[in-house]
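Residue-level structure breakdown
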Amino acid sequence: MFNRNSQTARPVGVEAHERAVSRLRESFAALGPDETVRLAKKTSNLFRPRERATRGLDVEGLADVISIDAEARTADVQGMCTYEKLVDVTLQHGLMPFVVPQLRTITLGGAVTGLGIESTSFRNGLPHESVLEMDVFTGEGTIVTATPTNEHADLFRAFPNSYGSLGYATRLRIELAPIGDLVETRNVRFDSARAMTEAIERIVADEVWEGERVDGLDGMIVSPGECYLVLANFFPDVRRHPSDYTGQRIFYRSIEELDRDTLTAYDYIWRWDTDWFWCSNAFGVQNPTVRRLWPSKYRRSDVFHRIVGFENRYGVAAKIDSMRGELPRERVVQDVEVPLEELVNFMPWFDEHVGMTPVWVCPLRLRGDQAWPLYRLEPNRTYVNVGFWGTVAIEPGRADGDVNRDIEAVLPTMGGHKSLYSDVYYDAQTFEDLYGAAEYRRMKSMYDPSGRLPEFADKVRTHA
């Protein structure tokens, strides 16, 4: 039932990892003493302008699984390893990372230093919470091993959401969780965000819905009166022939059409990637004729991301829209977290001021009592991630960026936060207040005293 390529995926071993680390050290030594230290990588899952490094750290050999201990349910993984590669290895053992972000080419190191989320986050928190230890390449060119309890524990806590400004993870030891070869889903409709909120509260507390276990929990809101939760059971009692959403069928549409569904574990993990949630519609890929002509191997998020990058650089579609006399459009690509009880307030505001549909919803709750200083979610409190990705018309009298600024302004009034992978408009003081500036600076002075690594705010505040 696993992906056919997963059977050939193998860990590379400790020796290969040590050789890759040696090349990393050599590339650091080759940089000038005043040169900013960056990764020499061509790809990115960010949705904001990114300066491409002509020279930088050689991380080419740091993109694999090093080893896996199936009995202990742990894996040692290189920082640039994509979750696609990681899952190919772990599924052979009936295991998966505690949290697998939705898109194949997100890297483990990227999800830890930049955060990530998925349907298991309602009980497993965020990816960095299943990290047991990590080797961090610092701005001084040294590697330190950080754990929750050793002398580098403060770096361990400050690393999540630092976006490479405190160092780069070369190796991470993570916990793994069991998963069966098939996953059964239930698609439950609610007539309001309030009813959905009440259901989420019960499921988070009990990990059960109507007597059936819930291992994965996410959903979508189509309109104020049409909300869905997708409840996943990783060990179903009844085995059905699995659905396939890598061909003509489209996963998100099935949520409205089916009460129950079955997918292979592999296809469940990557259910959102084939059509980039619903964003493939912008490229015409949901048109049946186009879909048949568009090879399935190119129906994946990283291909769509490259197309968006081309449009951002050259503005071809924007120029065509302008020639047609259409209003210019503002990119609104954001994931935000609001406390569960605030979802009933956020969604009416969102419908009025943004009006984008559908939106993704994914409950999350930190695993333990530990707070993380650069992304300050409260322990023992349930949040809901609301994801919305697209463009909105820039109305007369408004300017590009106004909708994003409106979103940023309303979130603190509801106890919310936003992820930093996309456009960020906060002024310097607000940014520092929201994202742990004091602790960041303390860690910066310890692990990058010469300022070789980029500054946190400079990396993420794209519209200062």
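Overview of the structure. No experiment lies behind these values; they were computed from the predicted model shown. (Residues numbered from 1 in each chain as written. Predicted model: local features only at pLDDT ≥ 70, side-chain atom pairs only at ≥ 80, totals over all residues. Heavy atoms only, no water.)

**Some remarks on the overall build of the chain**
When helices and strands are tallied, the chain shows 16 helices and 16 strands. In terms of C-alpha radius of gyration, the chain reaches 22 Å, essentially the compact-globule figure of 23 Å for 464 residues. Considered along the principal axes of its C-alpha atoms, the chain spans approximately 60 × 60 × 45 Å. Considering the chain as a whole, with its 464 residues, one finds that 56% of them fall into the buried category. Counted over contacts in the chain with a minimum sequence separation of 6, partners at least 24 positions apart contribute 73%. (Helix = DSSP H or I, 4+ residues; strand = E, 2+ residues; numbered from the N terminus. Rg over C-alpha atoms; globule rule 2.2 N^0.38 Å. Buried < 20%, exposed > 50% of the residue type's maximum accessible area, 1.4 Å probe, protein only. Contact = heavy atoms within 4.5 Å.)

**A word on the nonpolar core**
Burial of nonpolar side chains together is a common tendency in soluble globular proteins. Residues Phe346 and Phe388 are the most contacted members of the largest nonpolar core, which totals 122 residues. If we ignore the near neighbours within four places in the chain, the residues touching phenylalanine 388 are Val332, Val333, Gln334, Val336, Phe346, Phe350, Met356, Val359 and Ile407. Counting 15 residues, the second largest nonpolar core, distinct from the first, contains Ala20, Val59, Leu62 and Leu453. (Core = buried A, V, L, I, M, F, W, Y, C linked by side-chain atoms within 4.5 Å.)

**Examining unusual backbone geometry**
Glycine aside, residues mostly have negative phi, and peptide bonds are mostly found in the trans state. Note that the residue after threonine 357, namely proline 358, is joined by a cis bond; omega there is -10°. Located in the positive-phi region is glutamate 207, a residue other than glycine, with phi close to 55°. Along the chain, glutamate 207 falls in the loop between helix H6 (193-206) and strand E8 (208-209). Judged by its relative accessible area of 31%, glutamate 207 falls in the partly exposed class. Even without glycine at this site, phenylalanine 277 takes up a positive phi of about 60°. Locating phenylalanine 277 in the fold gives a position in the loop between helix H8 (265-269) and helix H9 (288-293). Residue classification places phenylalanine 277 among the buried positions, given a relative accessible area of 6%.

**Notes on the environment of leucine 132**
Secondary-structure assignment places leucine 132 in strand E4 (residues 131-137). The class for leucine 132 is partly exposed, based on a relative accessible area of 35%. Spatially, the C-alpha atoms of leucine 132 and alanine 75 are 9.9 Å apart, while their sequence positions differ by 57 residues. Apart from the residues lying within four places of it in its own chain, the contact partners of leucine 132 are Thr74, Thr147, Pro148, Phe156, Arg173 and Glu175.

**Quick notes on the packing of aromatic side chains**
Aromatic rings in a pair are described by how distant their centres are and how their planes are angled relative to each other. Inspection of the entire model under this criterion finds 26 aromatic pairs. Between phenylalanine 277 and tryptophan 360 the ring centres are 5.2 Å apart and the planes differ by 65°, which places this aromatic pair in the edge-to-face class. You can see phenylalanine 277 sitting in the loop between H8 and H9 and its partner tryptophan 360 sitting in strand E14 (residues 359-364), a full 83 residues away along the chain. An aromatic cluster is built from Tyr245, Phe251, Tyr252, Trp272, Phe277, Trp278, Trp360 and Trp389, whose rings are joined through pairwise contacts. (Phe/Tyr/Trp six-rings, centres within 6.5 Å; stacked < 30°, edge-to-face > 60°.)

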